[in-house]
Amino acid sequence: YFTNQTLVFHDGQFISAEQAQCSLYSPSLHYGHAVFEGIRAYDTANGTRVFKIKEHYERLAYSCRATSIPLAYSVQELTDITYQLLEKNNLSNAYVRPLVYAPDPMMSIKAPTASSLFMAAWEWGNYFSNQLTRLTISPYQRPNPKSVPIEAKVSSHYANSIIASHEAKQRGYDEALLLDINGYVAEGPGANFFYEWDGALYTAPAGNILQGITRNTIIDLARSLDIPVFEEFFTPETLHHATGAFLTGTAAEVVGVASIDDHVFTTPYEETIGAKLATAYSALVREEVGARRTRPAVEQSA
Ligand code: PMP
């Protein structure tokens, strides 16, 4: 993620990644009380462009409000820091990770009065392969929205993601598909989920999931292509009738699904709505018109 040349932003300054430090007594480390974003920059015909940067920083600001973590930067300031960080590190195709955490040593469980901003970026190329992902329904549910603000990107939620993902891999699958507290299909550990049936797309509604920025972009793209999209609750059994499925997220873009447990999709991926939208999404984020792409390989990050 970094070399001895890498600069990161930490508390108002660009400093060497190797010099950036935080306290082992930070409550963010002990309790996961921190918020973050996962953002991507692309080398486009119009220069380096960060896709949906405003949406990402508005979500970061929301995550701070939802967790009572003060945020000392405006969306515009965060945007400016991001572009400076990319320029200073000579990055175009990159992943950007802002983290807002509680810097002060504190072991009591109370909201911090101040926060620190750490922002790092690293090279994130275009990964394309024909490998589809094999999902399994996880025995773990997504966190209960009545216990935590599930639409906020809170560090502590990712213990659930890591545990579920690891459990799926231990059983020989590529990734987990988690249900919500009511037993409906919710999302992957770091991506939203769509399935296809009879020319339409279905995805879990807001409420029990992280409302992905990629998810919203895919819904807009689908509707612009006259593909109906239904945001509704569905059980894992419904998926036995699905003709295709895919995951969406900033890091991996659109990832086709080969199978869910023992239900294998028989429609060739190239013929699915997901493949069509993967191409359209790739062209959109790279600001290419009419670009022809295949789907990106499974490259995971939250
Ligand atoms: N759900 C979860 C749990 C995630 O971690 C992510 C990645 N941020 C997503 C969905 C997809 O969100 P986005 O499209 O905004 O990256």
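Residues numbered from 1 in each chain as written. Predicted model: local features only at pLDDT ≥ 70, side-chain atom pairs only at ≥ 80, totals over all residues.

## Digging into the site of the ligand
Okay, step 1: As a matter of local geometry, the ligand sits amid 15 residues, with L210, G212, I213, T214 and T250 nearest to it.
Okay, step 2: Of all the secondary structure elements, the ones that give two or more residues to the shell around the ligand are α5 (213–224) and β14 (244–249).
Okay, step 3: Across the shell around the ligand, the residue classes break down as 4 nonpolar, 9 polar and 2 charged. (Near = placed C-beta within 6 Å. Helix = DSSP H or I, 4+ residues; strand = E, 2+ residues; numbered from the N terminus. Nonpolar A, V, L, I, M, F, W, Y, C, P; charged D, E, K, R; others polar.)

## Details of the confidence of the model for the protein chain
Okay, step 1: On average, the protein chain scores 94 in pLDDT, and the residues at 70 or more come to 95%.
Okay, step 2: Considering only residues more than four positions removed or in separate chains, one finds that residues 290–297, a stretch of pLDDT under 50, has 27 contacts.
Okay, step 3: Here the prediction assigns the complex a pTM of 0.94, and the interface score ipTM is 0.99. (pLDDT = per-residue confidence, 0-100. Contact = placed C-beta atoms within 7 Å.)

## Here we look at the packing of α5 against helix α6 (residues 273–285)
Okay, step 1: Packing of α5 against α6 leaves a shortest axis separation of 10 Å and a crossing angle of 110 degrees. Of the possible angle classes, the one that applies to α5 and α6 is roughly perpendicular. Remark: the crossing between α5 and α6 carries right-handed chirality. Contact with α5, carried on its side by T217, I218, L221 and A222, involves L277, A280, Y281 and L284 of α6 and no other residues of that element.
Okay, step 2: For the contact of α5 with α6, the residue count by class is 7 nonpolar, 1 polar and no charged. (Axes fitted to C-alpha atoms, helices over the stretch in contact; angles between N-to-C directions. Parallel < 35°, antiparallel > 145°, perpendicular 65-115°, else oblique. Left-handed = near helix turned anticlockwise from the far one by under 90°.)

## Focus on the domain arrangement of the protein chain
Okay, step 1: Domain boundaries in the protein chain define domain 1 (7–123) and domain 2 (133–285).
Okay, step 2: With centres defined by C-alpha atoms, the gap from domain 1 to domain 2 works out at 26 Å.
Okay, step 3: Counting only elements with at least two residues in the side of domain 1 that touches domain 2, the list comes to α1 (27–31), β3 (34–36), β4 (39–44) and α2 (53–67).
Okay, step 4: Residue contributions to the side of domain 1 that touches domain 2 peak at 7 residues, all from α2.
Okay, step 5: A breakdown of the residues in the side of domain 1 that touches domain 2 according to their chemical character gives 10 nonpolar, 7 polar and 5 charged. (Domains from an automatic or database assignment.)

## Considering the pairing of β14
Okay, step 1: Among the 6 residues in β14, 6 count as buried, and that is most of the element.
Okay, step 2: Two strands pair when backbone bridges link them, and strand β11 (residues 192–197) and β14 are joined in this way by 5 bridges, in the antiparallel orientation. By the bridge assignment, F194 is partnered in β14 with F246.
Okay, step 3: Across 4 bridges, the pairing between β14 and strand β15 (residues 253–260) is antiparallel. Residue L247 lies in a different strand from β15, and its bridge partner there is V255.
Okay, step 4: Turn length for the β14-β15 hairpin, with the two strands adjacent in sequence and antiparallel, is 3 residues. (Buried ≥ 20, exposed ≤ 12 C-beta atoms within 10 Å, placed from the backbone. Pairing = 2+ DSSP bridges.)

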